Amino acid sequence: DLEALEHEGQEYIKTLDVATGFRRNRASLAEWAYTSNITKENEERKIHIQLEISKEDKVAWEETKMYKWQDFQDLSLRRMFKKYSQLGASALPDDKYKKFMQVISDMESNYATAKICSYKNESKCDLSLEPDITEIFSKSQDPEELKHTWVQWHRAAGAPARDNFTEYVQLDNEAAQLNDFKNVADWWLSEYEVPDFEAQIAALWEDVKPLYQQLHAYVRKRLRDKYGDQVVSARGPIPAHLLGNMWAQTWSNIESFTRPYPDKKEMDVTQAMKDQNYTALKMFQMSDEFFRSLNLTAMPELFWKNSIIEKPSDRDMVCHASAWDFFDGKDFRVKMCTSIDAEYLETVHHEMGHVQYYLQYKHQPVIFRAGANPGFHEAVGDTIALSVSSPKHLRRVGLSNGEAEDDQTEINQLYKMGIDKIVFLPFAYTLDLFRYGVFRGTTAPEDYNCHYWNLRESLQGMEPPVNRTEEDFDAAAKYHVSADVEYARYYVSFIIQFQFHRALCQLAGEYVPEDFTKKLVDCDIYQSVAAGNALSNMLKMGSSKPWPDAMEALTGQRLMSADGLLEYFRPLHEWLQAENQRTGEHIGWEPSKMQYC
Ligand SMILES: C=C(C[SeH])C(=O)N1CCC[C@H]1C(=O)O
Ligand SMILES: [Zn+2]
């Protein structure tokens, strides 16, 4: 009878979940061994183990499909079966799966080991992305040096990936079809469990676009003031190499010479960190202490023992920051090449947010040890970092001696946050709109770069510093494209982290709507157990419930909404509108004169 069948299903899934934990642990250890020490031998070992595990997963999948789980009464049991019914890329035949792993590995190792020659010293050709190229983009104010570095990086990290990427798209789409999806775009979108997710992110962009266009216009004017109208036009897109970041995804590095009120004392956090001899370890200990102040979980001993937080000098490593769950309830790690500056302090909190999520849901069945949706996982650390980057907190920890807030310093602060958070949205949206088109076949390989730059221009108001052709493949010069990492998760994160921040600030008594002594921009939830407990209640759920339930547990809302972000930045939006009116700056951008199609 149904009762007995369901009980049998419960027993089966429990055993499968334990076996899956062991398989994921083995896969993560092999992946870690390779990405922390890039050698042919470690790559072959990784792929061999991935292939073995995919065979075991396939056998389990055949058995799981035999259960009539759709009729089970227990909602959680049904949800576990539903998730285990999706096999993933392992559904490919062995030879194709092996090829699929190989092409991704080749793209990722090309990206991780790419080197370029210095602009100032053409014979110095050992510059890597971290720390060398990142340092140039954060400091140089020489458009020619930035142009050289941009072109060389895109030539070294992007173009070589084109053929591997085309093969990866074909194989990934085959895997999607074997998982009953039309293509990978639909597979990626299904992770968000709402039928109109693509429409939702389009609507969110419409909500934020007016604010972005005002900020874009203001920054273009300040860049034109600095570099002249031969480098930055009055009404066109902004050249993509001038924003302080290789992908122009956040513009924090040009804050010092574009801030609204330059004579206001700036709080140079990076300088303060250097003056106080900050180390990578101290940055991680600071972050751990913040989480503990919220009554959340301390990093376990193994974390401090096994993590790699500084770039090794004796081997190649994937430096792109990452957090790792080894699915044994004990082993959690971060791997990153930390530099001592404000931007990396943010990244440390970002990664520690991932590990805190792992710790909060480690009691869940393995299959539920994931974010409520991928965006939730990206939002945890950033939400904490919104408190850490408040003037109040920076003063608290001695990283700023800025005066108390007045209207002008508040605008400067909102501007500093805006060129990090607002400008990121069109970049993130572009990256996966581009890949949705590729997976759906509306963007063919001969159109990769043309379509990529069409999106960059129309959504982000960016243009390449030099003409582009289909000899280039600029999308792959971004880690996530070369490493097969979906990106809409970050777009979601940059929207919902303001919903989370607002809810936590209210719980902490740090934010009271309409009370001007308790403004959102000044909120710091540090040491608030009430806020921490609410956050913990959401994180403990993992992916055991649809994400609107998790969102509701913390914020009372069941939808993503830009209202948190728009409320946070309202004073800045008003200031930008007045300022652009005053200077007569054109809002938006006319078509670029650069050739890329
Ligand atoms: C720090 C990570 C690892 Se999940 C990252 O890739 N991030 C964090 C913010 C956006 C995105 C990026 O660097 O492009
Ligand atoms: Zn992340």
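What you are looking at is a predicted structure, and each value in this text was computed from that prediction instead of being measured.

Colleague: Quick question: what am I supposed to make of the side chain of R162 here?
Modeller: Within the secondary structure layout, R162 lies in helix α7 (residues 162–178). Reaching out from R162, the side chain makes a polar contact with the side chain of E470 at a distance of 2.6 Å. Contact partners of R162, with chain neighbours within four places excluded, come to P445, Y448, N449, E470, D472 and F473.

Colleague: It is not clear to me how the coordination of the zinc ion (ligand 2) should be interpreted in this structure. Could you clarify?
Modeller: Ideal geometry at a metal centre: 109.5 degrees between donors when four sit tetrahedrally, and 90 or 180 degrees when six sit octahedrally. Distances from the zinc ion (ligand 2) to its protein donors, H350 (NE2), H354 (NE2) and E378 (OE), fall at 1.9 to 2.0 Å. Spacing between the donor residues of the zinc ion (ligand 2) along the chain follows H-x3-H-x23-E. Note that H350 and H354 are positioned in helix α13 (residues 342–360) at a spacing of four residues, about one turn of the helix. Comparing H350 with H354, the two get one shared label, buried.

Colleague: Teacher, can you tell me more about the nonpolar core here?
Modeller: Within soluble globular proteins, side chains that are nonpolar generally end up buried alongside one another. Counting 173 residues, the largest nonpolar core has W153, Y168, V219, L223, W251, F376 and F569 as its most contacted members. Those residues in contact with F569 that lie beyond four places of it in its chain are L211, L414, M417, G418, K421, I422 and F498. Judged by nonpolar contacts, the second largest core, of 13 residues, contains Y12, Y67, F72 and Y84.

Colleague: Mind showing me how you'd approach the site of ligand 1 here?
Modeller: Surrounding ligand 1, one finds Q249, H320, A321, H350, E351, H354, E378, F424, K478, H480, Y487 and Y490. One of the side-chain nitrogen or oxygen atoms of K478 is found 2.8 Å away from an oxygen atom of ligand 1. Note that an oxygen atom of ligand 1 is positioned 2.8 Å from one of the side-chain N or O atoms of H480. Its free accessible area being 380 Å², ligand 1 has 83% of it covered by the protein chains. Considering every element that reaches the shell around ligand 1, the biggest residue donor is α13, with three residues. By residue class, the composition of the shell around ligand 1 is four nonpolar, five polar and three charged.

Quick notes on the rules
Positions within a chain are numbered from 1, following the residues in the order the chain's sequence is written. Naming scheme: in the order in which they are written, chains are lettered from A and ligands are numbered from 1. Two thresholds apply to this predicted model, a pLDDT of at least 70 for residue-level local features and 80 or more for giving and counting side-chain atom pairs, whereas whole-chain, interface and lining totals are computed over all residues. In computing side-chain properties, one takes all heavy atoms of the structure into account and sets aside hydrogens as well as water. Put simply, DSSP marks the helices as runs of H or I at least four residues long and the strands as runs of E at least two long, and each gets a number from the N terminus on. In protein, a polar contact requires one atom able to donate a hydrogen and another able to accept it; more generally it is a pair of N or O atoms within 3.5 Å, and residues adjacent in sequence count only if both atoms are side-chain atoms. Should any heavy atoms of two residues lie within 4.5 Å, those residues are counted as being in contact. Sodium, potassium and calcium take a 3.2 Å donor cutoff, other metals 2.8 Å, and in both cases only N, O and S atoms count; water is not among them, so sites may look incomplete. Burial status follows relative accessibility: with a 1.4 Å probe on protein chains alone, a residue under 20% of its type maximum counts as buried, one over 50% as exposed, and anything between as partly exposed. Put simply, buried Ala, Val, Leu, Ile, Met, Phe, Trp, Tyr and Cys residues joined by side-chain atoms within 4.5 Å make one nonpolar core. We call a residue near a molecule or strand when any one of its heavy atoms sits within 4 Å of it. For the accessible areas, the method is Shrake-Rupley and the probe is 1.4 Å, while residue cover comes only from the protein chains on display. Any residue outside Ala, Val, Leu, Ile, Met, Phe, Trp, Tyr, Cys, Pro, Asp, Glu, Lys and Arg is labelled polar, Gly included; the first ten of those are nonpolar and the last four are charged.

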